[in-house]
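Spelled out, the chains give:
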Amino acid sequence: WRLCVLTPFGARVHAPWAQAIEARVREQMGVEAQSIYTDDGIVVRLPETDEPPSADIVIFEPEDIEDVVIDNVGNSAMFASRFRECSVRALLLPRRRPGSRTPLWQQRQKSASLLQVARNYESFPIVLETFRECLQDVFDLDALRGLMTDIRSRQLRVVEVETTVPSPFAANLQFGFVSAFLYEGDSPLAERRAQALSLDRSLLAEILGREELRELIDDDALLALELELQLLTENRKVRSPDQLHDALRLLGDLSDEEVKARCLDPAATLGWLDEIERERRAIRVKIAGEDRWVAIEDAGRFRDALGASLPPGVPAAFLESAADPLGELLSRFMSCHGPVTAQEVATRFGLGTAVVERTLRELLSRGRAVQGEFRPTGVEQEWIDIEVLRRLRRRSLAAFRKEVEPAPPEALGRFLPAWHNIGATHRRPADADSLLDAVETLQGARIPASVLERQVLPARLPGYSPALLDELCAAGEVVWAGGGALGSRDGWIVLAVADRAEMLLPPPSAVDLSPDASRVRTALQERGALFFRQIADEVGSDNDTALLLALWELVWEGQATNDTLAPVRILTGSVPRLGRRHGRRQRRAPHLPTRSGPPSATGRWSLLPSVEQNATRRLHAIANQLLVRHGIVTRGSVTAEAVSGGFAAVYTILKAMEESGTCRRGYFLEGLGGAQFAVSGAVDRMRAFATPALGEKRDTNVLASTDPANPYGAALAWPEGRSEAGGPGRKAGASVALVDGKLIVFIERGGRSMLTFSDESDDLAAAIESVTIAVKDGLLERLSLEKVDGRAVFETPAAATLRAAGFVESPRGLRFGA
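Residues numbered from 1 in each chain as written. Predicted model: local features only at pLDDT ≥ 70, side-chain atom pairs only at ≥ 80, totals over all residues. Heavy atoms only, no water.

**Here we look at the state of the cysteines**
Taken as a whole, this structure holds 0 disulfides when the rule is applied. Unpaired in terms of disulfides, Cys 86 finds its nearest cysteine sulfur in Cys 134, a separation of 7.7 Å. Cys 86 sits in the buried class, given a relative accessible area of 4%. (Disulfide = S-S within 2.5 Å. Buried < 20%, exposed > 50% of the residue type's maximum accessible area, 1.4 Å probe, protein only.)

**Here we look at the environment of Pro 409**
Take Pro 409: it is sitting in helix H21 (residues 409-419). Sequence-wise, Pro 409 and Phe 668 are 259 residues apart; in three dimensions their C-alpha atoms are separated by 9.6 Å. For Pro 409, the residues in contact, after removing those within four places along its chain, are Glu 670 and Leu 716. (Helix = DSSP H or I, 4+ residues; strand = E, 2+ residues; numbered from the N terminus. Contact = heavy atoms within 4.5 Å.)

**Side note on the sheet that holds strand S8 (residues 446-448)**
Reading across the sheet, the 3 strands line up as S8-S10-S9 and stay open at both edges, with antiparallel pairing between neighbours. Pairing within the sheet leaves two strands with one partner each, and these edge strands are S8 and strand S9 (478-485). On average, each strand axis in the sheet is inclined to that of its neighbour by 35°, with strand direction left out of account. Of the strands in this sheet, S8 and strand S10 (491-497) are in contact with helix H23 (residues 449-460), which crosses S8 at around 85°. Strands S9 and S10 of the sheet are contacted by helix H28 (residues 544-556), whose axis makes an angle of about 100° with S9. (Pairing = 2+ DSSP bridges. Axes fitted to C-alpha atoms, helices over the stretch in contact; angles between N-to-C directions.)

**Digging into helix H6 (residues 141-152)**
When the terminal C-alpha atoms of H6 are compared, their 16 Å separation across 12 residues agrees well with the 16 Å that a helix rising 1.5 Å per residue should span. For H6, the full list of buried residues reads Leu 141, Leu 144, Leu 147, Met 148, Ile 151 and Arg 152. Each buried residue of H6 lies within a common arc of 135° when the element is viewed along its axis, so the set occupies one face. (Expected span 1.5 Å × (residues − 1). Arc of directions from axis to C-beta.)

**Concerning the pairing of S9**
Burial of S9 is extensive: 6 of the 8 residues sit out of reach of the surface. Two strands pair when backbone bridges link them, and S9 and S10 are joined in this way by 6 bridges, in the antiparallel orientation. Its bridge partner lying in S10, Ala 485 is registered against Gly 491. In textbook terms, the turn of a hairpin is the stretch between consecutive antiparallel strands, and for S9 and S10 this stretch comprises 5 residues, one of which, Gly 487, has a positive phi near 80°.

**Here we look at the nonpolar core**
Within the largest apolar cluster, 50 residues are counted, with the highest numbers of intra-cluster contacts made by Phe 415, Leu 627, Ile 632, Val 650, Leu 654 and Met 686. Residues contacting Met 686, with those up to four places away along its chain left out, are Ala 407, Ala 411, Phe 415, Ile 632, Phe 668 and Leu 669. (Core = buried A, V, L, I, M, F, W, Y, C linked by side-chain atoms within 4.5 Å.)

**What about the environment of Trp 419?**
With respect to the helices and strands, Trp 419 occurs in helix H21. Through-space distance from the C-alpha of Trp 419 to that of Ser 153 is 8.7 Å; in sequence the pair is 266 residues apart. Contact partners of Trp 419, with chain neighbours within four places excluded, come to Ser 153, Arg 154, Leu 627, Val 628, Arg 629, His 630, Gly 631, Val 679, Ala 682 and Arg 685.

**Observations regarding the confidence of the model for the protein**
A residue-level look at the protein finds 86% of positions with pLDDT of 70 or above and a mean pLDDT of 84. Predicted confidence for residues 182-198 stays below pLDDT 50, and this span has 24 contacts to residues more than four positions away or in other chains. Below a pLDDT of 50 lies the segment residues 577-594, which in the model reaches 42 contacts outside its immediate sequence neighbourhood of four places, other chains included. (pLDDT = per-residue confidence, 0-100.)

**Things to note about the sheet that holds strand S1 (residues 2-6)**
Ordered in space as S1-S3-S2, the 3 strands form an open sheet in which the pairing is antiparallel. The outermost strands of the open sheet, each flanked by one partner alone, are S1 and strand S2 (34-37). Taken pair by pair, the neighbouring strands of this sheet meet at an average axis angle of 15°, ignoring direction. Bridging between S1 and strand S3 (residues 41-45) involves 5 bridges; their strand directions are antiparallel. Note on S3: the bridge partner recorded for Arg 2 is Arg 45.

**Here we look at the pattern of salt bridges**
Tallied over the full model, the rule gives 45 salt bridges. For Asp 470, the salt bridge identified is with Arg 569, shortest N-O distance 2.9 Å. You can see Asp 470 sitting in helix H24 (residues 466-474) and its partner Arg 569 sitting in helix H29 (residues 566-572), a full 99 residues away along the chain. Counted as one network, the salt bridges with shared partners bring together Asp 253, Glu 258, Glu 290, Arg 292 and Arg 348. (Salt bridge = Lys/Arg side-chain N within 4 Å of Asp/Glu carboxyl O.)

**Side note on the packing of helix H2 (residues 62-73) against H6**
Angle between the axes and distance between the axes: these two values describe a pair of packed helices. Where H2 meets H6, the closest approach of the two axes is 8 Å, and the angle between their N-to-C directions is 145°. The element H2 and its partner H6 pack so that their crossing is right-handed. Here Pro 62, Glu 63, Ile 65, Glu 66 and Val 69 of H2 lie close against H6, whose contacting residues are Leu 141, Leu 144, Arg 145, Met 148, Thr 149 and Arg 152. Along the lines of polarity and charge, the residues of the contact of H2 with H6 split into 6 nonpolar, 1 polar and 4 charged. (Left-handed = near helix turned anticlockwise from the far one by under 90°. Nonpolar A, V, L, I, M, F, W, Y, C, P; charged D, E, K, R; others polar.)

**Re the pairing of strand S16 (residues 700-704)**
Here S16 lies mainly inside the structure; 4 of its 5 residues are buried. As judged from the 5 bridges shared by S16 and strand S17 (residues 735-739), these two strands associate in the antiparallel manner. Along S17, the bridge assignment pairs Asn 701 with Leu 738.

**Considering the packing of helix H1 (residues 11-29) against H2**
Interhelical geometry of H1 versus H2 gives an angle of 85° and a closest axis separation of 9 Å. In terms of their interaxial angle, H1 and H2 are classed as roughly perpendicular. For the pair formed by H1 and H2, the contact residues are Pro 16, Gln 19, Ala 20, Ala 23 and Arg 26 on the first element and Ile 65, Val 68, Val 69, Asn 72 and Val 73 on the second. Within the contact of H1 with H2, the residues separate by chemical class into 7 nonpolar, 2 polar and 1 charged. (Parallel < 35°, antiparallel > 145°, perpendicular 65-115°, else oblique.)

**Some thoughts on H1**
Under the 1.5 Å per step criterion, the end-to-end length of H1 is 26 Å for 19 residues, consistent within 8% with the ideal 27 Å. Looking at the residues trailing H1, positive phi occurs at Gly 30, about 70°.

The structure is reproduced here in structure tokens:
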């Protein structure tokens, strides 16, 4: 198998991505993958696998991709090549004969030997320089991280295609395989697996000039932690002589003013100091030219580390030499301070900066300190105790989470259409692949047949043609089922990709079938897929009308389907008029019998596959699909989809998915309760819609009210209207117009009545304009408005806006469209 990743992002992105994919294949499949990359893409060779991996193997979390690359770049052929070049430039690979060139194979062997030795030294400069060159000069990790972020937030999509022969682009990539394995035979496979570079990550971070930790530290959290560590908060201040002695043991040396600042009663400070000095629990010593108090237990450390002169009478037990007195003093100093520079530490103890840096690096090697850029307002390299850093990061994360306020509800109104690729900025080609992607998002949702191909699918794929869906159904890639009748000429339709049909299609209705329907079901069960005339012969019926009613009874009860949607279109009269402008209205298809049967019975009929009987598996599939469809799942969005068992049944599955890291739970949208679950990337993308950018063009969308991309009446409650006759609802044939995520207009089925929900003339004008465009594009039928907000259209303020948008007077109201 060859796994080819074709992208236009260039070799600087593909190089680290290829190494991350190799690591993922090795981890998940247990095989050694071989990859190459060019400006056009990546090829991964999988010689030992029977089945190809899914596209998920090339997708990583943006937060993890950099660490994965750093962990694996040291074992790559590119690293060996760059290490050889760096070693030659540093004159570490001398020529055997100064006047002649060294063969490349000898250079590679010498550099491999040098690398074998250098692996044991984490600060070896050539290794660090090679890492810097790979991560900065060769790789573009920032772009790769941004790419993974866009994939996670569904701003970019990954299309998976399996072919028997390489495509022209993939074929060109495979010619580069030889160069990828030039260094592979220089050492046995077992040795290559066992080798691991010892790398000083902090030094590498310094070389690369990273500042991400400084950006992740909250200033207020840092200040609060420093006050707490220094016993300067009210609840941690000293309240007795015993606590003062403990404070000196915890903090080290303190001046008179510093002691006073840490006492709850500053007036009692001198008395407490005199008491613990008389009891020989503290002594006064001169450090960096200043008198300070230290605990008697630290006398020997200050004498040996700083050369401090001790007062007479110190017990011998406290004068014993420590193994590393300066290291112990600095370690304690770091444990009760935030980020500090080496110069600040040197000034505090009256030492040279070089001496302090050497000791701090020893603490770094023992894993007790970290060097980097931590203080938000700092500009230099700083040092911090590892445990203090952990506490600081936890507090900063908590502070950032607290600052993240839930987004207003209208943010969902902007986010959800974009999540469904609806809108001018999300246009996609009207082809089979794009339609299949749309079906994968919509599968399992009940949609009225009359609006499925007139509004729902064309909103996602401008230029949609019914032949595309028929092609997918005939090829067996998409299955449709009925979800209940809506009168005699309409009903709920549920789409599903074939391999998910048994999980996501609705279970058959439990009602008793009529005798005719039972005979049709038996015929389909025994003979398989049949045309209408074949069904009639099987059941011995010569009454096409009765047989057609029986067939549609099976459809609406969720038991039968067809290999095309043509019967549904003819039954509902919902053949799209997309792309047409003003012209004659298309007539309904005639319901005249033909030699093969009535028009609404065309195509081959068959029974639907049996649904999954395991309730847990089925609920898990439904919960996954809800996350895919909505991005952010709320109680209302589950209730609107009429999931069996309601939100309580899905909640258990979503909670387990959150615990396993599949989704996130939080209070993302204001006023929708705390039980909100979201997939990775959805929350960040939704928050980007919370506040429209200044000067940004207004975001308008016209949707069917039953479209899953319409949050109103599902996740969001309908706004209060002005009509006394009734409010809006998720009704078949009704439409909504959203402006910047807010519901502005609701149009009843038939286009004779309209409700408005805004007093802003700009909002109403934008909504009406989007409605007129939808009529021109065939997404809506002709509008003949007679009432607005329950009153005659001419009596409402909206009349002027409608006329300005192109509505003309008719005998009963205002009309737009042919």
